[in-house]
Amino acid sequence: MNELIQLLPKAELHMHIEGSLEPELMFKLAARNGIDLPYKSVDELRAQYDFNNLQEFLDIYYQGCAVLQTEQDFYDLAWAYLEKAKQDHVVHTEIFYDPQSHTDRGIPFEVAINGLYRAFDDAQEKLGISFHIIACFLRHLPEQDALDLYPEILKHQDKILGIGLDSSELGHPPEKYQQVFAQAKKDGFKVVAHAGEEGPADYVKQAIDLLQVDRIDHGNRCLDDDILTAQIAHKGIALTVCPLSNLKLKVVEDLQDHPIKQMLKKGLMATINSDDPAYFGGYINDNFYQLAAAVDLSDDDIFTLVENSFKASFLPDSIKEIHLKALNSFG
Ligand code: ADE
Ligand code: ZN
């Protein structure tokens, strides 16, 4: 089973690059930039990674971003993720980053996007991993902040394929962001939104009906609404599911309670992803290994989930076909 997971080439569609900042790199960048961390050691920092909900995680995650100061810092962050992705046989990745968590600290917009893009562009050649970058708006901030930042994103449309929505979900429904998402759609961006992680099924519905998303990030809570679930399955809107994140943020109490099999049974195009691997204890293959053991995934289930990762990607159909063919040679 684990050999199959390791063997299969796969795409990752839900990974926040800031959430791949390992404590060791955080300390290294802090030293390089003369920043004092409020922890004495890597172990002391890791000991904080015990969360009761999304907000407790986000508070630590945004604090960690403070060590990212220069274009090289963003390059090094991305490269560290890419080396892990290569080990896990990821051949295509669509990563999130949170521009506002950097511009709001006085880091110019170009610094993050140029560092990230350079690393992913290098990886295409050196590691054989293709990529897209998705810039997420922080939903705990007013829509006006997103509208103010949007021209910068548009200016870098050659590097940014899509727009996302993340951060604290409860109390920040998708309807709050209709204006900026409508503009992004008009300008030809792909659009995605976190919905139904902690928030209710209605937030998933809003993301689909009001933001016209191309994919839902997480989406677990759509299962509370049978009609909505059937509609999502019928429309083929993919869910980027993150099992270890769901466990660490207490979206599920136990990995054995994870609804992945129910999702597949209901015809949802679910995919497996790592979300914030440095904080949740594992990269994409760890998510597969632990989930497969907890809910007893069959080889067919694993194959379907990996196949979905390419089908749900934003790659052109001709490239999807190449990946699906390569995958089928393992089937
Ligand atoms: N930002 C980083 N990880 C996130 C998550 N799991 N949910 C919402 N916002 C996030
Ligand atoms: Zn996420």
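Here's a quick rundown of the structure. Note that the coordinates shown come from a computational prediction; the quantities given were computed from them, not determined experimentally.

## With respect to the packing of helix α5 (residues 71-87) against helix α7 (residues 109-126)
Now for step 1: Two numbers describe how α5 lies on α7: the axes approach to 7 Å, and their chain directions differ by 40 degrees. In the crossing of α5 with α7, the sense of the turn from one axis to the other is right-handed. For the pair α5 and α7, contact is made by Glu 71, Gln 72, Phe 74, Tyr 75, Ala 78, Trp 79, Tyr 81 and Leu 82 and by Val 111, Ala 112, Asn 114, Gly 115, Leu 116, Arg 118, Ala 119, Phe 120, Asp 122, Ala 123 and Lys 126, respectively.
Now for step 2: Each residue belonging to the contact of α5 with α7 can be placed in one class, and the counts come to twelve nonpolar, three polar and four charged.

## Description of the site of ligand 1
Now for step 1: Every residue near ligand 1 is listed here: His 16, Leu 54, Phe 57, Leu 58, Tyr 61, Asp 166, Ser 167, His 194, Glu 197, His 218, Asp 275 and Asp 276.
Now for step 2: At 2.7 Å, a side-chain N or O of Glu 197 approaches a nitrogen atom of ligand 1.
Now for step 3: The contact in question runs from a nitrogen atom of ligand 1 to an N or O atom on the side chain of Asp 276, over 2.7 Å.
Now for step 4: Relative to its free-state accessible area of 260 Å², ligand 1 is covered by the protein chains to the extent of 100%.
Now for step 5: In terms of residue count, helix α4 (residues 54-64) provides more of the shell around ligand 1 than any other element does, four residues in total.
Now for step 6: Each residue belonging to the shell around ligand 1 can be placed in one class, and the counts come to four nonpolar, four polar and four charged.

## Side note on the nonpolar core
Now for step 1: Ranked by internal contacts, the top residues of the largest apolar core, which has 108 residues, are Ile 17, Tyr 97, Phe 137, Ile 260 and Tyr 279.
Now for step 2: Sequence-distant contacts of Tyr 97, defined by excluding residues within four places in its chain, comprise Ile 17, Glu 18, His 102, Phe 109, Ala 112, Ile 113, Leu 116, Ile 133, Ile 134, Ala 135, Cys 136 and Ile 160.
Now for step 3: The next biggest cluster of nonpolar side chains, apart from the first, holds five residues, and it includes Phe 96, Cys 136, Val 192 and Phe 314.

## Some remarks on the pattern of salt bridges
Now for step 1: One pass over the full model with this rule turns up 15 salt bridges.
Now for step 2: One salt bridge connects Lys 311 with Glu 307, and the closest N-O pair in it is separated by 3.8 Å. Of this pair, Lys 311 and Glu 307 both sit in helix α16 (residues 299-311), separated by four residues, roughly a single helical turn.
Now for step 3: Residue class for Lys 311 comes out partly exposed when judged on its relative accessible area of 37%.
Now for step 4: Looking at Glu 307, the relative accessible area reads 18%, which means it is buried.

## What to know about the coordination of the zinc ion (ligand 2)
For a metal with four tetrahedral donors the ideal donor-metal-donor angle is 109.5 degrees, whereas six octahedral donors ideally subtend 90 or 180 degrees.
Now for step 1: The protein atoms that coordinate the zinc ion (ligand 2) are His 14 (NE2), His 16 (NE2), His 194 (NE2) and Asp 275 (OD), at distances spanning 2.0 to 2.2 Å.
Now for step 2: Because the angles between the four donor atoms bound to the zinc ion (ligand 2) fall within 83 to 173 degrees, the donor set is best described as irregular.
Now for step 3: Between consecutive donor residues of the zinc ion (ligand 2), the sequence gaps follow H-x1-H-x177-H-x80-D. Of the two residues, His 16 is situated in strand β1 (residues 10-16) and His 194 in strand β5 (residues 190-195); the sequence distance between them amounts to 178 residues. The two residues His 16 and His 194 agree in class, both being buried.

## Looking at unusual backbone geometry
Now for step 1: The phi dihedral of His 89 falls on the positive side, at around 60 degrees, and the residue is not glycine.
Now for step 2: Checked against the element boundaries, His 89 lands in the loop between α5 and β2 (90-97).
Now for step 3: Although it is not a glycine, Gln 212 adopts a positive phi angle of roughly 55 degrees.
Now for step 4: By the secondary structure assignment, Gln 212 is in the loop between α10 (201-209) and β6 (215-218).

## Topic: the sheet that holds β5
The strands making up a sheet are joined through hydrogen bonds of the backbone, oriented either antiparallel or parallel.
Now for step 1: Pairing is parallel across the open sheet formed by eight strands, whose spatial order is β1-β2-β3-β4-β5-β6-β7-β8. Sheet topology places β1 and β8 (270-272) at the edges, where each strand pairs with a single neighbour. Mean inter-strand twist for the sheet, computed between neighbouring axes without regard to direction, equals 25 degrees.
Now for step 2: Sheet analysis places strand β3 (residues 130-138) next to strand β4 (residues 162-166), joined by five bridges and oriented parallel.

## What to know about the packing of aromatic side chains
Now for step 1: What the rule picks out here adds up to 13 aromatic pairs.
Now for step 2: Between Phe 51 and Phe 57, the ring centres sit 5.5 Å apart and the planes meet at 75 degrees, which makes this aromatic pair edge-to-face. We note that Phe 51, like Phe 57, is buried.
Now for step 3: Pairing Tyr 61 with Tyr 62 gives two aromatic rings, centres 5.1 Å apart and planes at 70 degrees, and the pair type is edge-to-face.
Now for step 4: An aromatic cluster of at least three residues, connected via ring pairs, comprises Tyr 49, Phe 51, Phe 57, Tyr 61, Tyr 62, Tyr 279 and Phe 280.
Now for step 5: Across from the ring centre of Tyr 117, 6.0 Å away, lies the NZ or CZ of Lys 159, which sits over that ring.
Now for step 6: Sitting above the plane of the Phe 314 ring, Arg 215 keeps its charged end 4.0 Å from the centroid.

## Quick notes on empty space enclosed by the protein
Now for step 1: This structure, assessed with the given rule, holds two cavities of 30 Å³ or more.
Now for step 2: Forming the boundary of the largest cavity are 17 residues, of which His 16, Leu 54, Phe 57, Leu 58 and Asp 276 lie nearest the centre.
Now for step 3: Among the elements that line the lining of the largest cavity, the one with the most residues is α4, at five residues.
Now for step 4: Of the volumes computed, that of the second largest cavity is approximately 40 Å³.

Rules of the game
Residue numbers restart at each chain and count upward from 1, following the sequence in its written direction. Each chain takes a letter, starting from A, and each ligand takes a number, starting from 1, following the order in which they are written. Restriction of local features to residues with pLDDT of at least 70 applies here, the model being predicted, together with a cutoff of 80 or more for giving and counting side-chain atom pairs; totals for whole chains, interfaces and linings are based on all residues. As a convention, hydrogens and water are excluded, and side-chain values are obtained from all of the structure's heavy atoms. Whenever a helix is involved, its axis is fitted only over the stretch in contact; in every case the axis is a line through C-alpha atoms, and angles between N-to-C directions fall within 0 to 180 degrees. Helix numbers and strand numbers start at the N terminus; a helix is a DSSP run of H or I with at least 4 residues, a strand a run of E with at least 2. Handedness of a crossing is defined here by the sense of rotation of the near helix relative to the far one, left-handed for an anticlockwise turn of less than a right angle and right-handed for a clockwise turn. Throughout, a residue-residue contact means that at least one pair of heavy atoms, one from each residue, lies within 4.5 Å. For this classification, the nonpolar set comprises Ala, Val, Leu, Ile, Met, Phe, Trp, Tyr, Cys and Pro, the charged set comprises Asp, Glu, Lys and Arg, and every other residue, Gly included, is treated as polar. If a single non-hydrogen atom of a residue is within 4 Å of a molecule or strand, that residue counts as near it. Any pair of N or O atoms that falls within 3.5 Å is considered a polar contact. Within protein, one atom must be able to donate a hydrogen and the other to accept it, and sequence-neighbouring residues count only if both atoms are side-chain atoms. Every accessible area reported is derived by Shrake-Rupley at a probe size of 1.4 Å, with residue values counting cover from the shown protein chains alone. By convention a nonpolar core is built from buried Ala, Val, Leu, Ile, Met, Phe, Trp, Tyr and Cys residues, the set being connected through side-chain atoms within 4.5 Å. Classification of residues uses two cut-offs on accessible area relative to the type maximum, computed with a 1.4 Å probe and protein chains only: under 20% is buried, over 50% is exposed, and between them is partly exposed. Basic side-chain nitrogens of Lys or Arg form a salt bridge, by our definition, when they fall within 4 Å of a carboxyl oxygen of Asp or Glu. Keep in mind that water is not among the atoms, so a site may look incomplete; donors are the N, O and S atoms within 2.8 Å of the metal, or 3.2 Å for Na, K and Ca. Only four donors with every angle between 85 and 135 degrees are called tetrahedral; only four or six donors with opposite donors over 155 degrees apart and all others between 65 and 115 are called square planar or octahedral, in that order; all others are irregular. Being paired, for any two strands, means DSSP has found at least two bridges between them. To pair, rings of Phe, Tyr and Trp, with the six-membered ring standing in for Trp, must have centres within 6.5 Å; the planes then decide the type, stacked if under 30 degrees apart, edge-to-face if over 60, and tilted in the middle. Definition used: whenever NZ (Lys) or CZ (Arg) falls within 6 Å of the ring centre and also within 35 degrees of the ring normal, the charge is taken to sit over that ring. A pocket, in this scheme, is an open set of points on a 1 Å grid over the protein atoms alone with protein on both sides within 12 Å along at least 5 of 7 lines, while a cavity is a set where a 1.4 Å probe fits but cannot get out; residues line either one if an atom lies within 4 Å of a point. Grid points are joined across faces, edges and corners, and a volume is the space filled by probe spheres set on the points.

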